[in-house]
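Spelled out, the chains give:
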Amino acid sequence: MPYGFCVPIRTLRCLPPGGHEMRHEDEDIKRLLTEAVPRLTPPMDRVGAVAARVRRRRQRLIGSSALAVAMVVALGVGGVQMSTGNHAPPLRTAGGSGGEGRWTSCAEAAPGMARLGFMTPEDDAAALPRLDGDFAPTGVVICEREPQRRADGGEDLVLTERRGDDVAALVIALRLPDESSTARSCTLEMPMLPWLAVVDADGRWMRPRIPVGACGKLRPEVREALAALELTTVATRPVAEIESAEAAAAGCSQSWKDVVSVETTRKPGPRTGALPEPFPARQQVRLCVYEVSKSETGNFVHGTVLEADRRTAIEKVLKAAGPAEPCSAHASRFALLRSVTGGDPQTYVELDGCRRIMVVTYPGAGGPVIAQGDDALAKLIDKP
């Protein structure tokens, strides 16, 4: 007799391969089979258990949502009552793009930008919110960082805050969409957008997303609107000194790269041999002395235009210099001697450390040439 298959119902019912129920004459066989095979336990209703847990969680969520809605409604009513006063509610914008309450100053709105510079990379500007119809600007504030010459001849890096009130054209331009990117050629410089904020009649402010063109730069409409603004400078604040009055009076840059240190660490490095003419013929020579810390940039110490006899004495020692000696000491001071009109040759002298001399000539003249200086040359140069 072929084997059938069994399905658990209330009792075990065995069906033949055709699937039809057994006849009465087979009752004895059915009874024997039923007693021989133990009763099967129905499988665990896992789906039902999960469904029950979902129902319980859903009931909890519905209850929490009802409570949250009630709280929002209550707060909303309170908010309406609070906003009926004379002060406008604070404007909240995404990404830290706006302040709460009234505009104060560039320094308070973006303190970190005073050090980094008030220009915004396009990637960062993309996170700012669009200027929509819910905010009605009546003014614009543009924050910048720029050099400013002082009365004593020195120069500072200053934070400048400018305001403008005729913003109708700018508002229209700021509400334009970005242009879609195209395959056309674009220039390679990084798109940098101005740091600006718009202010409404109640003094609230926000930084809007500035629409950009296909290359990620300002849309022409925005650029033209910004150029047409009539801005008034309302505040300036020094951030750092670019050039001291002493450096300006001497005609020297406030800082200068330690070129000897840079060139001698390269491979193959400057060549050795007789120095070329260290000073330009029939031109005055400016001397600038710099102090170097651990970096490769020196800071101005003193400088002057060489008088004729001092120039002659220094030039004589330079021309008599021999080959540079092996040395790896770091110089803490160096001098730059060059024409008052700029250009090459540039002559560098280490005033301590290895006391090397290096002359940088015109491009294509064979590269820098290095020689050995001494204490006498250092003393001749390093005096105010």
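Here's a quick rundown of the structure.

Definitions and limits used
- Residues numbered from 1 in each chain as written.
- Predicted model: local features only at pLDDT ≥ 70, side-chain atom pairs only at ≥ 80, totals over all residues.
- Heavy atoms only, no water.
- Phe/Tyr/Trp six-rings, centres within 6.5 Å; stacked < 30°, edge-to-face > 60°.
- Helix = DSSP H or I, 4+ residues; strand = E, 2+ residues; numbered from the N terminus.
- Buried < 20%, exposed > 50% of the residue type's maximum accessible area, 1.4 Å probe, protein only.
- Contact = heavy atoms within 4.5 Å.
- Disulfide = S-S within 2.5 Å.
- Pairing = 2+ DSSP bridges.

1. Notes on the packing of aromatic side chains
As enumerated under the stated definition, the model contains five aromatic pairs in all. Plain terms: the ring middles of Trp 103 and Trp 195 are 6.4 Å apart, the flat faces sit at 50° to each other, and that makes the pair tilted. With Trp 103 in the loop between α2 (46–82) and α3 (106–109) and Trp 195 in strand β6 (residues 192–200), the pair connects residues that are 92 residues apart, well separated along the chain. The class of Trp 195 is buried, set by a relative accessible area of 2%. Aromatic pair Tyr 290 and Phe 334: ring centres 5.5 Å apart, planes at 25°, arrangement stacked. With Tyr 290 in strand β11 (residues 285–292) and Phe 334 in strand β13 (residues 333–339), the pair connects residues that are 44 residues apart, well separated along the chain. Of the two residues examined, Tyr 290 and Phe 334, each falls in the buried class.

2. Topic: the environment of Leu 196
On the secondary structure map, Leu 196 appears in strand β6. Residues contacting Leu 196, with those up to four places away along its chain left out, are Val 140, Val 141, Ile 142, Arg 207, Pro 208, Ile 210 and Leu 226.

3. Quick word on the state of the cysteines
Note on terminology: disulfide describes a covalent bond linking the sulfur atoms of two cysteines. Enumeration according to the criterion identifies four disulfides in this entry. Disulfide partner of Cys 186: Cys 215, at an S-S distance of 1.8 Å. Taking the torsion about the sulfur-sulfur bond, which here is approximately -75°, the covalent link between Cys 186 and Cys 215 counts as left-handed. Residue Cys 186 is located in the loop between α6 (168–174) and β6, and its partner Cys 215 is located in the loop between β7 (205–206) and α7 (220–228); the two are separated by 29 residues in the primary sequence. In this structure Cys 186 comes out as partly exposed when scored by relative accessible area, which is 33%. Each disulfide pairs two cysteine sulfurs, and for Cys 327 the partner residue is Cys 354, the sulfurs being separated by 1.9 Å. Looking down the S-S bond of the Cys 327 and Cys 354 bridge, the torsion is -85°, so its handedness is left-handed. Taken together, the positions of Cys 327 in the loop between α10 (308–319) and β13 and Cys 354 in the loop between β14 (346–350) and β15 (356–360) put the pair 27 residues apart, joining distant regions of the chain. Residue classification places Cys 354 among the buried residues on the basis of a relative accessible area of 6%.

4. Quick word on the pairing of β11
Most of β11 sits out of view: seven of its eight residues are buried. Alignment of β11 against β13, held across seven bridges, turns out to be antiparallel. Directly across from Tyr 290, in β13, lies its bridge partner Phe 334. Where β11 meets strand β12 (residues 297–305), seven bridges bridge the pair, whose relative direction is antiparallel. Looking at β12, one finds that Val 292 is bridged to Gly 298. Hairpin remark: β11 followed by β12, antiparallel, with four residues in the connecting loop.

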